[in-house]
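Descriptive analysis of the structure
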Amino acid sequence: MFSKFDTIVIGAGHAGCEAAMSAAKLGSRVLLITMSLNKIGYLSCNPAMGGIGKGQILREIDALGGNSGIISDLSTIQFRMLNKSKGPAMWSPRAQIDRSKFCLNWKNFIEKNENISLWEDEVTDIIFKNKKFFSVNTKLGITFSAYNCIITSGTFLNGKIFIGKNSFSGGRLGEKSVDSFTNSLNKVGIKSDKLKTGTSVRIDGRTIDFSKMIEQKGDDHLKRFSFDNIKNNNIQKSCFLTYTNQIVHDILKSGIKDSPLYQGMIKGQGPRYCPSIEDKLVKFEDRDKHQIFLEPEGEETYEYYINGFSSSLPLNIQYKALKNIAGLENAHIIRPGYGIEYDYFCPTQLYHSLESKIVENLYFAGQVNGTTGYEEAACQGLIAGINSNRKINGLDPIILKRSEAYIGVLIDDLVTKGTQEPYRMFTSRAEYRILLRQDNADIRLTEKGYKIGLINEQRYVNINDKLNAINSINQYLEKYKIDPNNSIENDLLKFLNVENIDKKVSIKQLIKRPNVFLIDFFKKHKQTKEFIKTLKLGYIEEETIEEVEILIKYEGYINKEKEMVKKIQNLENLSLGTKIDFSKIKGLSHEARQKLSEIKPLNIGQASRISGISPADIAVLLAYLKR
């Protein structure tokens, strides 16, 4: 009845969409199985993409040839660059997203790919033969076989929803969970555990008094996640800030006795960096208020997401508490907040390719690996899709280094250290965040995406043009000297608030000053303006100018991090292979033998990052390699 596929992707969330698209674009025949074709790429929690650390991941996905950045740009209703008051390593793009458009755009992209077939059904069982993936069975009684399979089932595996003392099975509110799937993986030795997450109430925007809140508009200039020139004609909408107060806190505390989180009903660990409102009150009891952030759900809906008010407290407590927040006195709740507990699989059971170490040709991506967040899921799906295709074609997997991408940091953290709480990306997790900026993701990764086969010829030409322009501008700025004795150029120096210049100085030297900006030279200095015109930068002009300025101002820091990468790379290049029996290496601690045998790091660098591996253990391994 059905032909055999190259790859089966289970789940059509952010990880599943990227996995299906990347594998299909590379030539694999993909079957994407989801329980609802109307929820492809659905934003389960808040209607936003990007943010601190996450925005960098989105730009990296785009630079490699993924689609989440483009889909986000097409669906954006507000854009902000976060942390602009800090250095460029901290700048993080974030966008409010039209939830409905995001789904429709993803479905449109997937349906246009002729290598992807869709199937609405529930996978109930996975069949293995000789420790290799073989096929899947579905609730409708269909068996689908393929060369490999990517599991991206999000929070649906044995999902259980909690609202006060009420609990019931579900993958999301109003959607059923998958209850037999995990067992088929446990049977072949793949270990699972529980994690917990939650979401906030949604309310009717017509019942909000915005006059009592602080309006937060987007940036005047709408930027993009994608390095393509994506057009966006959506109506831009504001977010709003308000705060809890002591009355709200007292009401919430009165419901803690019925909180499933504190009554032992929920066993899984929740996200440390996105706690529920009741968790905030317990852990930060000295605070007299907490920020509440109202996010619009879309252009043509009155629904608002109440960020900062995630809760699994009884609905009557959520309702009473909301009524005492400024601006929400008359708020009507559309959907309650709730907690959800679900199965995940410890990611130390995976190779860096995201293929299972236990079962060949089986890949895992997204929340099933213990992550939280759309962006973290999407980048895993992209890598799993790429590597599933490369495995079919006998090619080595793509493994990004920690010095190459935030995606590399995330995957290395997961498979080397594991996680016992939902993993969220932050800039602080990256040792080389000055190198891994959001502005240079295309420079870092476009060539790699092109060689993989996901970046088209025009994008590759564009990045080479940009690199040539950066080099040309840099050489020009180093060569051209401003003369303070020239009346016109002296006026320019005064405009730029440059003082104490009594001899000619290159523009590059002036740009190194923190209060002097390159864009001002391009606007006010005739010769520089004429030079820029000769480069024909097109729509990337602003990004190119910004890139040059960052490279100039932070040259010392960038060079220092590059030197660090070289030193650390020596450890990464010391291969351990896959056949070492760590239990027989004398001198290793008992814990080191146990963890090294379980995780099987491929090199000394990875081994050094495993929790519990001491410098003494690394010294033993180095001595072993020398022998």
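Notes on the structure follow.

**Observations regarding a nonpolar patch on the surface**
Where nonpolar side chains cluster on the molecular surface, the patch consists of Leu574, Tyr624 and Leu625 and spans about 210 Å² of accessible area. Assignment of secondary structure puts Tyr624 in helix α21 (residues 615–626). Its relative accessible area of 31% is what places Tyr624 among the partly exposed residues.

**Remarks on the pairing of strand β9 (residues 143–151)**
Sheet faces and side chains relate simply in a regular strand, where the side chains alternate between the two faces. Of the pairings in the sheet, the one linking strand β1 (residues 5–10) to β9 comprises five bridges and is parallel in character. If you follow Thr7 over to β9, its bridge partner there is Asn148. Sheet analysis places strand β8 (residues 132–138) next to β9, joined by three bridges and oriented antiparallel. Note on β9: the bridge partner recorded for Asn137 is Thr143. In textbook terms, the turn of a hairpin is the stretch between consecutive antiparallel strands, and for β8 and β9 this stretch comprises four residues, one of which, Gly141, has a positive phi near 85 degrees. Across three bridges, β9 lies against strand β19 (residues 362–364) in parallel orientation. Bridged to Ile150 within β19 is Tyr363.

**Here's the deal with the nonpolar core**
Judged by nonpolar contacts, the single largest core of 91 residues is most densely connected at Ile8, Ile151, Leu185, Leu362 and Ile407. With eight residues, the top contributor of residues to this core is helix α9 (residues 374–392). Apart from residues lying up to four places away in sequence, Leu362 is in contact with Phe128, Phe133, Cys149, Ile151, Leu185, Ile190, Leu354, Glu355 and Ser356. Among the nonpolar cores identified, the runner-up in size contains 23 residues, and Phe240, Tyr304, Leu313 and Ala331 belong to it.

**Section: the environment of Glu447**
Along the polypeptide, Glu447 turns up in helix α11 (residues 441–452). In the structure, Glu447 is positioned 17 residues away from Asn464 in sequence and 9.1 Å away in space, judged by C-alpha atoms.

**Looking at helix α19 (residues 590–599)**
Turning to α19, its buried residues are Ala592, Leu596 and Ile599. Looking down the long axis of α19, one finds its buried residues gathered within 80 degrees of arc, a one-sided arrangement. Away from its buried face by more than 90 degrees, α19 exposes His590 and Gln594. Where α19 is buried, its residues contact α10 (406–417), α20 (604–608) and α21. The positive-phi residue at the C-terminal boundary of α19 is Lys600, with phi of around 55 degrees.

**Remarks on the sheet that holds strand β3 (residues 48–50)**
Strand order in this open sheet of three strands is β3-β5-β4, and the pairing throughout is antiparallel. Two strands lie at the open edges of the sheet, namely β3 and β4 (76–82), each paired on one side alone. Shown here is a sheet whose adjacent strand axes are inclined to one another by a mean of 20 degrees, direction ignored. As judged from the three bridges shared by β3 and strand β5 (residues 92–97), these two strands associate in the antiparallel manner. For Gly50, the partnering residue across the bridge sits in β5 and is Arg94.

**Notes on helix α6 (residues 246–254)**
When α6 is considered as a whole, its buried residues turn out to be Val248, His249, Ile251 and Leu252. Each buried residue of α6 sits inside an arc of 165 degrees when the element is viewed along its axis, so together they form one side. Close packing links the buried residues of α6 with α7 (277–283), β16 (303–310) and α8 (315–322). Looking at where α6 begins, the residue whose side-chain oxygen comes 3.0 Å from the main-chain nitrogen of Ile247 is Asn245.

**With respect to the layout of surface pockets**
By volume, the second largest pocket is sized at about 760 Å³. Around the second largest pocket, the lining comprises 27 residues; the ones closest to its centre are Cys346, Thr348, Lys417, Gly418 and Thr419. Of all the secondary-structure elements, those providing two or more residues to the lining of the second largest pocket are β12 (192–204), α10 and α19. With four residues, the top contributor of residues to the lining of the second largest pocket is α10. When the residues that make up the lining of the second largest pocket are grouped by side-chain class, the tally is eight nonpolar, nine polar and ten charged.

**Describing the packing of helix α1 (residues 14–25) against α9**
One can describe the packing of α1 onto α9 by two numbers: an axis separation of 7 Å at closest approach and a directional angle of 30 degrees. Of the possible angle classes, the one that applies to α1 and α9 is roughly parallel. For the crossing formed where α1 meets α9, the hand is right-handed. In this structure, α1 uses His14, Ala15, Glu18, Ala19, Ser22 and Ala23 to contact α9, whose residues at the interface are Tyr374, Ala377, Ala378, Gly381, Leu382, Gly385, Ile386, Ser388 and Asn389. Of the residues that constitute the contact of α1 with α9, the class distribution is eight nonpolar, six polar and one charged.

**Considerations on unusual backbone geometry**
Backbone geometry places Asn83, a non-glycine residue, at a positive phi of 65 degrees. Within the secondary structure layout, Asn83 lies in the loop between β4 and β5. You will see that Lys600, though not glycine, has its phi angle at about 55 degrees, which is positive. As for its placement among the helices and strands, Lys600 is situated in the loop between α19 and α20.

Basis of the calculations
Residues numbered from 1 in each chain as written. Predicted model: local features only at pLDDT ≥ 70, side-chain atom pairs only at ≥ 80, totals over all residues. Heavy atoms only, no water. Patch = residues over 30% accessible without salt bridge, like charges linked within 9 Å, V, L, I, M, F, W, Y side chains within 5 Å. Areas by Shrake-Rupley, 256 points an atom, 1.4 Å probe, with all protein chains shown as cover. Salt bridge = Lys/Arg side-chain N within 4 Å of Asp/Glu carboxyl O. Helix = DSSP H or I, 4+ residues; strand = E, 2+ residues; numbered from the N terminus. Buried < 20%, exposed > 50% of the residue type's maximum accessible area, 1.4 Å probe, protein only. Pairing = 2+ DSSP bridges. Core = buried A, V, L, I, M, F, W, Y, C linked by side-chain atoms within 4.5 Å. Contact = heavy atoms within 4.5 Å. Arc of directions from axis to C-beta. Axes fitted to C-alpha atoms, helices over the stretch in contact; angles between N-to-C directions. Polar contact = N/O pair within 3.5 Å; in protein donor to acceptor, adjacent residues only side chain to side chain. 1 Å grid on protein atoms, 1.4 Å probe; cavity = no way out; pocket = protein on both sides within 12 Å on 5 of 7 lines; lining within 4 Å. Points joined across faces, edges and corners; volume = space filled by probe spheres on them. Nonpolar A, V, L, I, M, F, W, Y, C, P; charged D, E, K, R; others polar. Parallel < 35°, antiparallel > 145°, perpendicular 65-115°, else oblique. Left-handed = near helix turned anticlockwise from the far one by under 90°.

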